[in-house]
Each structure stands twice: as C-alpha cells, then as structure tokens.
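# Architecture at a glance
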Amino acid sequence: MSMQTSSDICIIGGGITGLYLALQLKRRQPELRIELFEALEAVGGRVQTEPMLDGEFRAEFGAVRIEPDLQPLMDDFVRQLGLAVTPITSHEACSAIRPDNARLTPAERAVVQQAAGGDVAWALLWHGIAQVLGDQWPLAADRLDRPGRAADKARLRRLAQFGGCPLYRQGMWNVLAEVLSHEAVEFTREKGAFYNFKNQNPNAADWICQLLDMRLMQRPSYIPHGGMQALIDVAEQAVRAAGVGIHVGHQLLAFGERADGELDLQLRHAGAPVALRTRRLILALPRSPLESLAPSLPAPVQACLDAVLCFPIVWASCVMADPWWAPGAAPGSGEGATTRAAHFESHPDKPEAYGLAMFYNDDPWCHYWANLSDAPGARFPHKDRPVRSGDPRLRQALVRTLQQTFGRDDEPHLLEWGLCDWSAAPFGAGVHFWKPGRDSEQVMQTLAAFAIGQDGRAPQVHICGEAYSDFQGFFEGALRSAQRVLQALPAAATSSHQGSDHERH
Ligand SMILES: Cc1cc2nc3c(=O)[nH]c(=O)nc-3n(C[C@H](O)[C@H](O)[C@H](O)COP(=O)(O)OP(=O)(O)OC[C@H]3O[C@@H](n4cnc5c(N)ncnc54)[C@H](O)[C@@H]3O)c2cc1C
C-alpha cells in the first residue's frame with residue numbers, strides 16, 4: 001500500500017462540482033493544500049463530448065447547454081474561465097399531438113385553445129400549478145430579477161401548502177391529479193418536453209420551484225466553442241494552474257476518523273490500495289457513489305441519501321450520410337418513435353452530405369435504449385467512449401427510430417453511432433429529483449457540513465453536487481451546492497482540525 005502525504009482538503013469527484021469548488025477554495029485561500037481525486041481516467045463527470053466522423057461532429061452525451069437565465073452562477077463561471085460560447089437557437093420540441101378535448105374540463109379546453117400551435121402540455125401544466133399555488137406566489141407579476149425573489153422561493157419551497165398539507169410532502173402527480181382532469185395529467189406527463197421532468201413523481205414543492213424559473217427563461221441557451229468538453233478542459237487547466245493536484249483513476253472506497261480528528265482515506269488506483277490523510281473531505285458525488293460510501297458516513301447522513309430519486313437518461317446518437325433533414329431542422333418530440341426527443345445537426349460545410357442525429361431518452365424510453373448496450377455497467381471503457389457498434393441491435397434501433405421520425409421506410413446511411421447510459425456506474429443516474437415528503441432544505445443543511453466519529457467534533461466532511469441541490473438536473477444546482485459548502489467552510493477552519501464554535505452549524 002502506498003502512503004501519500006496529508007492535505008488540508010481532499011475533494012472526491014472531478015465533475016463540475018469538484019472542479020468549481022477546488023478553484024473557488026484556492027482563490028479564497030491560495031495556501032491551502034488541496035488534492036482532487038477522480039475515479040475515472042478523466043475529469044468531467046456527466047459531461048461527455050464525443051468526436052464523431054473523425055472530429056467533424058461533436059456529439060454531446062451528457063450536458064448539452066447552459067441557460068444563462070436559469071444558471072447565473074454557471075454563466076458567471078463560464079465568463080471567469082474566459083470561454084467563448086455559441087448560442088443555441090433551436091427551441092425545445094413540443095408535441096403536435098393534442099389531448100382528447102372530450103375528456104378535458106371546460107377550463108382546460110380553453111387553455112388548450114389558447115395554446116393552439118404552441119406547447120399544450122406546458123400550458124396545461126401551468127394551468128395546474130396556478131391552481132396548486134393559488135395566492136401563494138405572484139405568478140402574473142413574477143420576474144426573475146424581482147428583488148427578494150430568491151428568498152421568497154426558499155420560503156415557498158418549505159412553507160407552501162396544498163389541501164391543508166405542506167406541498168413538499170406531496171408528489172407532483174398527486175397535486176396535479178387534484179386540480180386537473182386525468183386526461184390533462186396524463187397528457188402533461190407523457191407529452192411534455194424533457195424539462196417537465198415528469199416521468200417520476202417528484203416532490204411538488206421542489207419541482208414547482210424549478211419550473212417557476214424555467215417559465216421565465218428568455219435569453220437563449222449556449223454551448224462553449226468546442227462543446228461542453230471545452231468547459232471541462234479549461235476548468236481542469238485552471239484548477240491545475242491554481243496548484244490543486246488532480247489525480248485521475250483514483251476511487252475513494254472508505255474513510256474514517258483518526259484519533260487526532262484528521263481523516264484516513266482508502267482509495268484504489270490501478271488495482272492497488274492507496275492511503276491518504278486529510279483534514280477535510282469534500283464528497284462532490286451523486287447518490288449512487290455516495291451509497292457505496294455509506295458505511296463510512298454517520299447515521300443521520302446515511303438517512304439523507306435516499307431523499308432523491310435517480311432519474312435515468314440515455315443518449316443515443318448517429319452520424320448519417322445524405323441526412324434526411326435540412327440545416328436548422330427543428331427538434332422532434334419523439335412522436336411515433338421510440339424516443340423522448342430528437343435533435344438534428346447538419347455538417348457546417350457539407351450540410352447535404354453529413355448530419356448528426358441525437359436521441360434523448362428519459363423514462364420510459366431510456367430502458368429500451370439501455371437494453372441495446374452490449375456491456376451493461378461497463379459503458380465507459382476509458383472515460384470513455386460510448387458504445388459504438390458493439391451490439392448490432394443498436395444500429396437497427398437507430399435505423400428504425402429515424403424511419404419512424406421521418407415517416408420513411410428506406411434505409412438511412414449510418415456511418416457511426418454511439419450510446420451513453422448514465423445509470424451505469426459510477427454515476428447511477430442522469431439527474432436527480434427530490435422525493436415527495438423529504439425536506440430538501442433540511443437534507444442540504446445536513447449534508448453541507450458534518451462530523452464523523454465522536455460527538456462534538458467540528459464538521460470535517462462535506463457533501464455537494466447536483467444530486468442534493470436546489471437546482472437539480474443542471475450545472476447550476478451543482479454550483480449552488482458547492483457554494484453551500486464554501487459557506488460552511490470558514491477560512492480559518494481549513495488550516496486546523498481543532499474545531500471551534502465558529503465553524504459549527
Ligand atoms: C444526459 C444529460 C444531459 C444533461 N444536460 C444538461 C444541460 O444541458 N445543462 C445542464 O446545466 N445540466 C445538464 N445535465 C446535468 C449536469 O450534467 C450535471 O448536473 C452535472 O454535470 C453534475 O456534476 P457533479 O459534479 O455534481 O456530478 P458528476 O458529474 O456526476 O461528477 C461526479 C464525479 O465523481 C466521480 N466519482 C464517483 N464515485 C467516485 C469515487 N468513489 N471516487 C472518486 N471519484 C468518484 C465520477 O466519476 C464523476 O466524475 C445533464 C445531465 C445528463 C446526464
């Protein structure tokens with residue numbers, strides 16, 4: 001077993017959370033000795049830009065865009081890193097299918113009529129949310145820059161009521177089913193854009209709080225030049241330049257407290273054990289890898305881990321010669337095809353010659369696509385390439401999906417294809433949502449700073465990341481949770497393990 005020198009802070013997980021936190025900590029306190037450990041062979045986590053057709057296309061298999069209106073912290077981080085960005089002009093696909101008017105209420109029929117030609121699922125969803133919230137939120141006058149809005153939203157999350165019961169104790173479907181017809185609930189769930197996060201039954205309070213922001217989004221989304229991978233590459237360079245050691249291929253297996261209050265970490269690197277000492281430990285990890293570490297966590301923290309739902313996502317993409325779409329083709333909403341949403345790109349110089357089709361799949365279609373991966377659980381062979389041509393059924397599924405999407409029965413000319421299932425280890429989910437009945441604020445507070453071992457110790461372990469945040473499913477949530485940890489780590493506390501009242505929470 002090799003023994004490495006001790007550090008002030010160890011960050012586990014090289015996703016956007018770990019990278020961002022490392023940089024912010026170094027900026028605040030350059031003298032800190034910070035080491036970052038990542039289980040895979042590269043940092044980036046749920047960002048994966050895959051060059052296809054010898055780099056002529058960059059297919060995103062993880063995060064695809066940044067919405068500056070929804071993601072102010074992330075937008076600021078992109079600026080700090082000096083990244084050039086490309087706006088994304090295409091809108092989210094909305095279904096052309098309409099609900100059965102005869103099964104809607106008169107008020108819902110009016111909503112559908114008003115939304116004619118637009119996103120009916122979204123309009124019905126808001127018709128429901130408006131009734132659930134009543135006068136608890138000024139929907140008509142709401143603006144993202146309204147002074148005090150963030151604090152109001154935090155209060156709403158905890159205190160909103162519906163039917164005499166705290167909203168956070170209820171599932172989104174449960175409350176919608178109280179105010180909408182069955183047809184409207186089912187239609188919203190089945191036909192809404194992926195933003196609606198509808199195919200599980202998330203905590204109504206948390207979900208509505210996020211939708212409140214999405215409803216007001218105006219500025220276009222963007223992607224860094226060079227794809228999302230450019231964000232990770234530049235962030236990694238900045239973190240290294242700030243003096244943080246980044247160690248890939250290092251998986252944390254367990255940790256425990258030493259008699260002196262410092263922490264012993266056990267990692268695995270290239271099949272061999274590695275031992276490490278640190279004063280503070282930051283776990284920038286989602287639910288599934290945290291569960292693997294549960295034996296090292298104190299009971300109240302373990303009890304928090306199942307507060308979130310693991311939401312599966314599978315992207316499947318293919319490069320096609322003689323594409324069936326024209327440049328600027330609108331995204332498809334998966335109508336008549338085995339997918340949630342379809343996005344199309346054309347080659348910038350040879351749009352008639354080559355195109356990239358990307359099929360986004362959450363519940364339930366993700367399960368169809370996950371079955372087409374020929375090596376379940378090993379979908380990231382070297383951080384890793386999505387499965388390419390291993391399973392001939394994957395190619396066949398892409399052919400069929402293109403035929404269904406374009407209503408054709410001739411054979412598309414596929415050149416290259418791939419698939420990425422984020423439910424595979426070490427991620428365990430595409431994104432996460434709060435479960436009904438769980439108090440997200442209380443869980444986030446518990447995870448932000450806690451002690452292991454003896455009672456009365458100062459907190460020396462911190463959990464953050466998208467999974468347990470108040471903007472799940474987005475980079476913004478990851479960064480917001482990192483901010484919580486920064487607040488829980490007083491500057492003076494990091495250079496000593498001797499806790500003080502100052503740093504207790
Ligand atoms: C398909 C998809 C599309 C998305 N689209 C968008 C989008 O368009 N815009 C947006 O803002 N967000 C999007 N998201 C969400 C965004 O990708 C995530 O919120 C963000 O990347 C999460 O970062 P994280 O650091 O919290 O977690 P991760 O990125 O999951 O990072 C955790 C890291 O920890 C590592 N790890 C796990 N276990 C261990 C261990 N024991 N030891 C060491 N390391 C370990 C993992 O390998 C991983 O690198 C999308 C996500 C998916 C899956």
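Rules behind the numbers
- Residues numbered from 1 in each chain as written.
- Predicted model: local features only at pLDDT ≥ 70, side-chain atom pairs only at ≥ 80, totals over all residues.
- Heavy atoms only, no water.
- Near = heavy atom within 4 Å.
- Polar contact = N/O pair within 3.5 Å; in protein donor to acceptor, adjacent residues only side chain to side chain.
- Areas by Shrake-Rupley, 256 points an atom, 1.4 Å probe, with all protein chains shown as cover.
- Helix = DSSP H or I, 4+ residues; strand = E, 2+ residues; numbered from the N terminus.
- Nonpolar A, V, L, I, M, F, W, Y, C, P; charged D, E, K, R; others polar.
- Buried < 20%, exposed > 50% of the residue type's maximum accessible area, 1.4 Å probe, protein only.
- Arc of directions from axis to C-beta.
- Contact = heavy atoms within 4.5 Å.
- Pairing = 2+ DSSP bridges.
- Axes fitted to C-alpha atoms, helices over the stretch in contact; angles between N-to-C directions.
- Parallel < 35°, antiparallel > 145°, perpendicular 65-115°, else oblique.
- Left-handed = near helix turned anticlockwise from the far one by under 90°.
- Phe/Tyr/Trp six-rings, centres within 6.5 Å; stacked < 30°, edge-to-face > 60°.
- Lys NZ or Arg CZ within 6 Å of the ring centre and 35° of its normal.

Taken together, 38 residues sit near the ligand, with Thr 17, Glu 38, Arg 46, Arg 65 and Gln 71 positioned nearest. Between an oxygen atom of the ligand and a side-chain N or O atom of Thr 17, the distance comes to 2.7 Å. In this structure, a nitrogen atom belonging to the ligand sits 3.4 Å away from a main-chain N or O atom of Gly 473. Summarising the interface, the protein chains cover 97% of the accessible area of the ligand, which totals 1,000 Å² for the free molecule. Looking at the shell around the ligand element by element, the count peaks at 3 residues for strand 11 (residues 250–257). Residues that form the shell around the ligand fall into these classes: 22 nonpolar, 12 polar and 4 charged.

What follows concerns helix 14 (residues 440–448). Along helix 14, the residues that are buried comprise Ser 440, Glu 441, Val 443, Met 444, Leu 447 and Ala 448. Axial view of helix 14: buried residues confined to an arc of 160 degrees, hence all on one face. Structurally, helix 14 contributes buried residues whose contacts are with helix 5 (149–159), helix 8 (204–215), helix 11 (299–302), strand 19 (431–434), strand 20 (461–464) and helix 15 (475–488). At the N-terminal boundary of helix 14, the capping side chain belongs to Asp 439, with an oxygen 3.2 Å from the backbone nitrogen of Glu 441.

It is worth spelling out the pairing of strand 13 (residues 272–284) at this point. Sheet topology places strand 2 (residues 7–12) next to strand 13; 5 bridges connect them, and they run parallel. Within strand 13, the position partnered with Ser 7 by the bridge is Thr 278. Relative to strand 13, strand 12 (residues 263–269) runs antiparallel, the two being bridged by 7 bridges. Bridging from a neighbouring strand, Leu 263 pairs with Thr 278 of strand 13. The hairpin formed by strand 12 and strand 13 contains 2 residues between the paired strands, and Ala 270 there has a positive phi angle of roughly 50 degrees. Sheet analysis places strand 13 next to strand 20, joined by 4 bridges and oriented parallel. In the sheet register, Ala 284 faces strand 20, and the bridge partner there is Cys 464.

Where helix 4 (residues 120–133) contacts helix 7 (residues 182–191), the two axes come as close as 9 Å, and the packing angle between them is 130 degrees. Looking at the two axes, helix 4 sits oblique to helix 7. Crossing hand, helix 4 versus helix 7: left-handed. Judged by residue contacts, Val 120, Ala 121, Leu 124 and Leu 125 of helix 4 engage Ala 184, Phe 187, Thr 188 and Lys 191 from helix 7. The residue makeup of the contact of helix 4 with helix 7, split by class, is 6 nonpolar, 1 polar and 1 charged.

On to the sheet that holds strand 15 (residues 314–321), then. Overall, antiparallel pairing links the 4 strands, which are arranged 16-17-15-18 in an open sheet. The open sheet terminates on both sides in strands that have one partner only, identified here as strand 16 (341–346) and strand 18 (413–421). Here the strands of the sheet are splayed against their neighbours by 15 degrees on average, with no regard to which way each runs. Of the strand pairs in this sheet, strand 15 and strand 18 are connected by 8 bridges, and their pairing is antiparallel. Following the sheet pairing, Ala 316 is matched in strand 18 by Leu 419. Packed onto the sheet, helix 13 (residues 392–406) meets strand 15, strand 16, strand 17 (354–361) and strand 18 and runs at close to 105 degrees relative to strand 18.

Note that Ser 440 resides in helix 14. Sequence-distant contacts of Ser 440, defined by excluding residues within four places in its chain, comprise Arg 157, Asp 206 and Trp 434.

In this section: the packing of aromatic side chains. Applying the stated criterion to the full structure yields 14 aromatic pairs. Ring geometry for Trp 122 and Trp 126: centres 5.9 Å apart, planes at 75 degrees, overall edge-to-face. In this pair, Trp 122 and Trp 126 both sit in helix 4, 4 residues apart, roughly one turn of the helix. The buried category is assigned to Trp 126, whose relative accessible area is 10%. An aromatic cluster is built from Trp 324, Trp 325, Phe 344 and Phe 406, whose rings are joined through pairwise contacts. Over the ring of Trp 173 we find Arg 189; its NZ or CZ atom is 4.9 Å from the centre of that ring.

This paragraph deals with the environment of Ile 97. For Ile 97, the location among the structural elements is in the loop between strand 6 (85–88) and helix 3 (106–114). Owing to a relative accessible area of 36%, Ile 97 belongs among the partly exposed residues under this scheme. Taking C-alpha positions, Ile 97 is 29 Å from Ala 429, a pair spaced 332 residues apart along the chain.

Here we come to unusual backbone geometry. Most peptide bonds take the trans form, and the phi angle of most residues other than glycine is negative. For the bond running from Asp 363 to Pro 364, omega is 5 degrees, close enough to zero to count as cis. Inspection of the secondary structure puts Pro 364 in the loop between strand 17 and helix 12 (365–370). Along the chain, Ala 425 connects to Pro 426 via a cis peptide bond; the corresponding omega equals 5 degrees. Mapped onto the elements, Pro 426 comes out in the loop between strand 18 and strand 19. With a phi angle near 50 degrees, Ala 270 is a residue other than glycine that sits in the positive phi range. Structurally, Ala 270 is set in the loop between strand 12 and strand 13. The backbone of Asp 322 shows a phi angle near 50 degrees, a positive value even though the residue is not glycine.

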